[in-house]
Amino acid sequence: MTDTRARPSETDRITVDEVKECEVHGYLLTSKRIGTGGFSSVYLGLPTQEVMKRNFRLASGLQTKRNKMVAIKIVNISQNPYQQSRRFLSREINALHATYKHPNVIQLYETFRSPSQLFLVLELACKGDLLDHINRIATNKRDLGLREEEAQHLFHQLVSGVAHCHTNHIVHRDLKCENILLDEQGAIKLTDFGLAGRCTKRGLMSTFCGSVPYTAPEILLEQSYKGERADIWSMGVILYAMVTGKLPFNECQPQKMLQLIKRGIKFHQQLSPECQDLISQLLQWCPSARPELTQILAHPWMLPAISFIFQRVRDILTDSTDRSQHRGNSSKGEKASGNRNSKAKGVAVYNLKTNGPMHKLESLEWAGLDLDSVWCQSPQALDRPIKDADRESKDSSKLFTHKPRPPSTSRPPRDPARRYIVSAAPRDSQLPSKRPVIEQWLFPLRKARSCQRISPI
């Protein structure tokens, strides 16, 4: 495969007015150009802290990224015909707003304009497009294309992104390897929605658009077509290019392209039968014979990619469960060893449990309780031998003791003058005479960060 995109000219450079316009809106525009089009150029940009504070979409989009750069697309409105620029730019902006917040669709953060130019602040995909990735792999490894395992993973992301667009009634109509970018983690990002259109459930389209090697035959025949089926044909061409390193029908003339399609597809022997079957289903001449996106995901060749994703999710959940259990076991060991000075914020709540000749303290976890008004006895006052009076009052001093009340009886009225406190020790009337007064050992409790629920003993 060869890159047939238009290369930027040497005279197409960044101007002072473009830099000033970006600075006014909170972006530092660099001179590094990462893409170009017929009437537009894409440069690297760096958002400032001020724009990060006022633009929630930008802040949330860059929160999980290591590279905090953005792509700034500058469209020259003065050189572009007014009706054409207004038509295609409005399509792209509306499609990007409709498909916002999906990991496999490029994100639009902000738009602003000057008298002669329009600026689109887009998500940065720093690893280039899929076409460069296929050519790089084929050149370095001297292979025909991507390995089927990698192609399964990337094609599953492509299906997910296209399904998100179709769910929001957006058809791309220009799916090709050049319009699929790769971010810093190697994930697919759909971009260039200039030819995108809004589809209805029963509506047909008649606009002839797209790149001829990726265009469905019904569009080449200038017939009315369904945009979703045309996108599925383009996805079949992309999958063939990924696993073979070349296009199935490499022709720019529509009539010659139709003749090549009628001859059929040729596969090399190293390609698996399941992959050949999926590509053959996607590149069906009749649009109704092509599978839907849900049927593509259920194809046998796609199942390893889905199982790989489920395996990754299961590993992540298993690791998080193991870490939580390890933290729970370590915290129990610290409590059993008598480490009462916790490093966490707040003070632990203690409960008295009789087991043997000495009192033992066990921490309780609280949730949904206002602990600012809860009081407890100091743990130092509990280090004493158990006496008979304490054994008799053991049941009355147990916290969270639940006694079922008959449904016919009413709740006794609460005495407003009485002060209710949560204490791990017996009441004052049941304490020995030589024991110090409880109020001397009272201290307030604060809720710890690790408290999740109430676990009564």
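Keep in mind that what you see is a predicted model, and the values were worked out from it rather than measured.

K.L.:
Before we move on, can you summarise the sheet that holds strand 1 (residues 27–36) with the specific residues and values?
P.N.:
With antiparallel pairing, the 5 strands of this open sheet are ordered in space as 1-2-3-5-4. In the strand order of this sheet, the two ends are held by strand 1 and strand 4 (108–113), each with one partner. On average, adjacent strands in this sheet sit at an angle of 25 degrees to one another, irrespective of strand direction. Seen against the sheet, helix 1 (residues 16–24) touches strand 1, strand 3 (70–76), strand 4 and strand 5 (117–122) and runs at an angle of roughly 125 degrees to strand 1.

K.L.:
Please give an account of helix 10 (residues 273–282) that cites residues and values.
P.N.:
Note on helix geometry: an α-helix contains 3.6 residues per turn, so any two residues three or four positions apart are oriented the same way. For helix 10, the complete set of buried residues consists of Cys 275, Leu 278, Ile 279 and Leu 282. Looking straight down helix 10, one finds its buried side chains confined to an arc of 95 degrees; they lie on one side. The inward-facing, buried residues of helix 10 abut helix 6 (148–167), helix 8 (227–244) and helix 11 (293–297).

K.L.:
Describe the packing of helix 6 against helix 8, naming the residues involved and giving the relevant values.
P.N.:
In contact at an axis separation of 11 Å, helix 6 and helix 8 are set at 165 degrees when each is read in the N-to-C sense. Taken together, helix 6 and helix 8 sit at an angle that is classed as roughly antiparallel. The two elements helix 6 and helix 8 meet at a crossing, and its hand is right-handed. Packed against helix 6, whose contacting residues are Ala 151, Leu 154, Phe 155, Leu 158, Val 159, Val 162 and His 166, the element helix 8 presents Glu 228, Asp 231, Met 235, Ile 238, Leu 239, Met 242 and Val 243 at the interface. For the contact of helix 6 with helix 8, a count of residues per class yields 11 nonpolar, 1 polar and 2 charged.

K.L.:
I'd like a rundown of the environment of Leu 28, residues and numbers included.
P.N.:
You can see Leu 28 is positioned in strand 1. Put simply, Leu 28 and Ile 72 are 44 residues apart on the chain and 10.0 Å apart in space, counted from C-alpha to C-alpha. Leaving out residues up to four positions away in the same chain, Leu 28 has contacts with Glu 23, Leu 44, Gly 45, Leu 46 and Thr 48.

K.L.:
Tell me about the nonpolar core, residues and numbers included.
P.N.:
The biggest cluster of nonpolar side chains holds 77 residues, and the ones touching the most others in it are Phe 155, Leu 158, Phe 193, Ile 238, Leu 239, Met 242 and Ile 296. It is helix 8 that contributes the most residues to this core, 11 residues altogether. For Leu 158, the contacting residues outside a window of four places in its chain are Ile 180, Ile 188, Leu 190, Met 235 and Ile 238.

K.L.:
Could you give an account of unusual backbone geometry, with specific residues and numbers?
P.N.:
We note that His 169 has phi near 60 degrees; this positive angle belongs to a residue other than glycine. Counting through the fold element by element, His 169 comes out in the loop between helix 6 and strand 6 (170–171). Phi at Asp 192 takes a positive value of approximately 60 degrees, unusual for a residue other than glycine. On the secondary structure map, Asp 192 appears in the loop between strand 8 (188–190) and strand 9 (197–198).

K.L.:
Summarise the pattern of salt bridges; cite the residues concerned and give the values.
P.N.:
Taken as a whole and assessed by the stated rule, the structure comprises 7 salt bridges. Its salt-bridge partner being Lys 65, residue Glu 123 comes within 2.9 Å of it at the nearest N-O pair. Here Glu 123 is found in the loop between strand 5 and helix 5 (130–141), whereas its partner Lys 65 is found in the loop between helix 3 (56–62) and strand 3, with 58 residues between them in sequence. The exposure class assigned to Lys 65 is buried, which follows from its relative accessible area of 14%. One network of salt bridges, with partners in common, ties together Lys 65, Glu 123 and Lys 189.

K.L.:
Got a sec to walk through the packing of aromatic side chains? Specific residues and values, please.
P.N.:
A complete count under the given rule lists 4 aromatic pairs for this structure. Arranged with centres 6.2 Å apart and planes meeting at 15 degrees, the rings of Tyr 27 and Phe 112 form a pair that is stacked. Of the two residues, Tyr 27 sits in strand 1 while Phe 112 sits in strand 4, which places them 85 residues apart along the sequence. For the pair Tyr 27 and Phe 112, a shared accessibility class is recorded, and that class is buried.

K.L.:
Lay out the side chain of Asp 174 in plain terms, naming residues and giving numbers.
P.N.:
The residue Asp 174 is located in the loop between strand 6 and strand 7 (180–182) in this model. Buried charge without a partner: Asp 174 forms no salt bridge, and the closest opposite charge is Lys 176, 4.2 Å away. Residues within four places of Asp 174 in sequence aside, it is in contact with Asn 179, Asp 192, Leu 195, Gly 210 and Ser 211.

K.L.:
Outline the side chain of Gln 107, supporting the account with residue identities and numerical values.
P.N.:
Looking at the secondary structure, you find Gln 107 in the loop between helix 4 (82–98) and strand 4. Here Gln 107 falls in the buried class, since its relative accessible area comes to 8%. One polar contact links the side chain of Gln 107 to the main-chain amide nitrogen of Lys 101, over a distance of 2.7 Å. A polar contact is formed between the side chain of Gln 107 and the backbone oxygen of His 102, at a distance of 3.1 Å. Excluding residues within four positions of it along the chain, Gln 107 makes contact with Thr 99, Tyr 100, Lys 101, His 102, Val 121, Leu 122 and Glu 123.

What counts and what doesn't
- Residues numbered from 1 in each chain as written.
- Predicted model: local features only at pLDDT ≥ 70, side-chain atom pairs only at ≥ 80, totals over all residues.
- Heavy atoms only, no water.
- Pairing = 2+ DSSP bridges.
- Helix = DSSP H or I, 4+ residues; strand = E, 2+ residues; numbered from the N terminus.
- Axes fitted to C-alpha atoms, helices over the stretch in contact; angles between N-to-C directions.
- Contact = heavy atoms within 4.5 Å.
- Buried < 20%, exposed > 50% of the residue type's maximum accessible area, 1.4 Å probe, protein only.
- Arc of directions from axis to C-beta.
- Parallel < 35°, antiparallel > 145°, perpendicular 65-115°, else oblique.
- Left-handed = near helix turned anticlockwise from the far one by under 90°.
- Nonpolar A, V, L, I, M, F, W, Y, C, P; charged D, E, K, R; others polar.
- Core = buried A, V, L, I, M, F, W, Y, C linked by side-chain atoms within 4.5 Å.
- Salt bridge = Lys/Arg side-chain N within 4 Å of Asp/Glu carboxyl O.
- Phe/Tyr/Trp six-rings, centres within 6.5 Å; stacked < 30°, edge-to-face > 60°.
- Lys, Arg positive; Asp, Glu negative; His and termini not counted.
- Polar contact = N/O pair within 3.5 Å; in protein donor to acceptor, adjacent residues only side chain to side chain.

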